[in-house]
Amino acid sequence: MKEKYNLIPNETALLVIDMQNSWCHPQGSIGRNGYDASMMRGIIPEVKELVNACRESGILDIWTIQNHYPDDITRQTHRIRPHTHRWKAGPPGLKDTWEAEVVDELKELAQKPAEIIVKHRFSAFFDTRLDTLLRMKGINTLLICGVATTHCVETSVRDAYQRDYDVLIAEEAVAALTKEDHDASLRLMNKVFGVVLKNEQLLSLIQGESIPLGFETEKINN
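Quick look at the structure, then. Here the structure is a predicted model, which is why all the values come from computation and not from measurement.

Before going further, it helps to spend a moment on helix α9 (residues 179-193). For α9, spanning 15 residues, the distance from its first C-alpha to its last is 20 Å, which sits close to the expected 21 Å at 1.5 Å a residue. Taken together, the buried positions of α9 are His182, Ser185, Leu186, Met189 and Phe193. Buried residues of α9 fall within an arc of 100 degrees about the axis and therefore sit on the same side. Set apart from the buried face of α9 by more than 90 degrees, the exposed residues are Glu180, Arg187 and Lys191. The secondary structure elements touched by the buried residues of α9 are α3 (38-41), α8 (149-162), β6 (166-175) and β7 (195-197).

Quick look at the structure:
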């Protein structure tokens, strides 16, 4: 029989990653570079539902805002061109531009009581105040949603796991540029760094229910 799991609201936070125009709007830099942003835009209702459910249950929501700088000298010192300078439309999420703003459908939610973490790289933890904030709040469990599954989501999940947080990823509230890459990233995160749950399962947890997490201990063949 699988052991059931439940959330402790005051020890849990929802991390909403980079729901900004650059990635989630068809006229954002991703779209202008010829990529299909529809998958990332498509999760907006699911993200909204999770935020509202968490607030009703007393679970803190934390939003990351990725800012890039056009004159970032650290990008210029690379001998191998970094990814943000490989695109014709230029770096995404430029500071103080429409690109860096939260999409209109979520902009009102990304206000108080939300906590905002500004970051400059993939990870929500790298050179930010996130870890300090979580420790100050007594948070040991993170619920993850946002974009992109393969980039900022997975990197943040890896870093959370490295810092001994328990991590639950909302399968239908994370997205990437392609379903193939998205699915591969979810498989890896579920196998190693946390557990991937359907939104329905995560909402049940948020609302105070206990559920089986559904994974089994791996068997090693001799």
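From this point, the discussion proceeds with the structure in view.
Take the packing of α8 against α9 next. Where α8 meets α9, the axes come as close as 10 Å, and the angle between the chain directions of the two elements is 5 degrees. When the axis of α8 is compared with that of α9, the two are roughly parallel. Across the interface between the two elements, Thr149, Thr150, Val153, Glu154, Val157, Arg158 and Tyr161 of α8 pack against Asp181, His182, Ser185, Leu186, Leu188, Met189, Val192 and Phe193 of α9. Taken together, the residues of the contact of α8 with α9 sort by class into eight nonpolar, four polar and three charged.

Take helix α4 (residues 44-56) next. For α4, spanning 13 residues, the distance from its first C-alpha to its last is 19 Å, which sits close to the expected 18 Å at 1.5 Å a residue. Those residues of α4 lying buried are Ile44, Val47, Leu50, Val51, Ala53 and Cys54.

Attention shifts here to the pattern of salt bridges. Considering all chains together, one arrives at 12 salt bridges under this definition. Across the salt bridge formed by lysine 107 and glutamate 101, the nearest N and O atoms sit 2.9 Å from each other. According to the relative accessible area criterion, lysine 107 is partly exposed, its value standing at 30%. With a shortest N-O distance of 3.0 Å, glutamate 154 and arginine 158 are connected by a salt bridge. Taken together, the residues span about one helical turn, with glutamate 154 and arginine 158 both in helix α8 at a distance of four residues. Note on glutamate 154: relative accessible area 11%, which makes it buried. Residues joined by salt bridges that share partners form a network here, namely Glu101, Asp104 and Lys107.

Turning our attention to unusual backbone geometry. The step from lysine 112 to proline 113 runs through a cis peptide bond, and the omega angle for that step is 10 degrees. The residue proline 113 is located in the loop between α6 (104-107) and β4 (115-119) in this model. One non-glycine residue, aspartate 127, lies in positive phi territory at about 55 degrees. Relative to the assigned elements, aspartate 127 resides in the loop between β4 and α7 (130-137). Relative accessible area serves as the criterion here: at 68%, aspartate 127 is assigned to the exposed category. Non-glycine residue aspartate 164 carries a positive phi angle of around 70 degrees. Position of aspartate 164 among the secondary structure elements: in the loop between α8 and β6.

Parameters and conventions
- Residues numbered from 1 in each chain as written.
- Predicted model: local features only at pLDDT ≥ 70, side-chain atom pairs only at ≥ 80, totals over all residues.
- Heavy atoms only, no water.
- Helix = DSSP H or I, 4+ residues; strand = E, 2+ residues; numbered from the N terminus.
- Expected span 1.5 Å × (residues − 1).
- Buried < 20%, exposed > 50% of the residue type's maximum accessible area, 1.4 Å probe, protein only.
- Arc of directions from axis to C-beta.
- Contact = heavy atoms within 4.5 Å.
- Axes fitted to C-alpha atoms, helices over the stretch in contact; angles between N-to-C directions.
- Parallel < 35°, antiparallel > 145°, perpendicular 65-115°, else oblique.
- Nonpolar A, V, L, I, M, F, W, Y, C, P; charged D, E, K, R; others polar.
- Salt bridge = Lys/Arg side-chain N within 4 Å of Asp/Glu carboxyl O.

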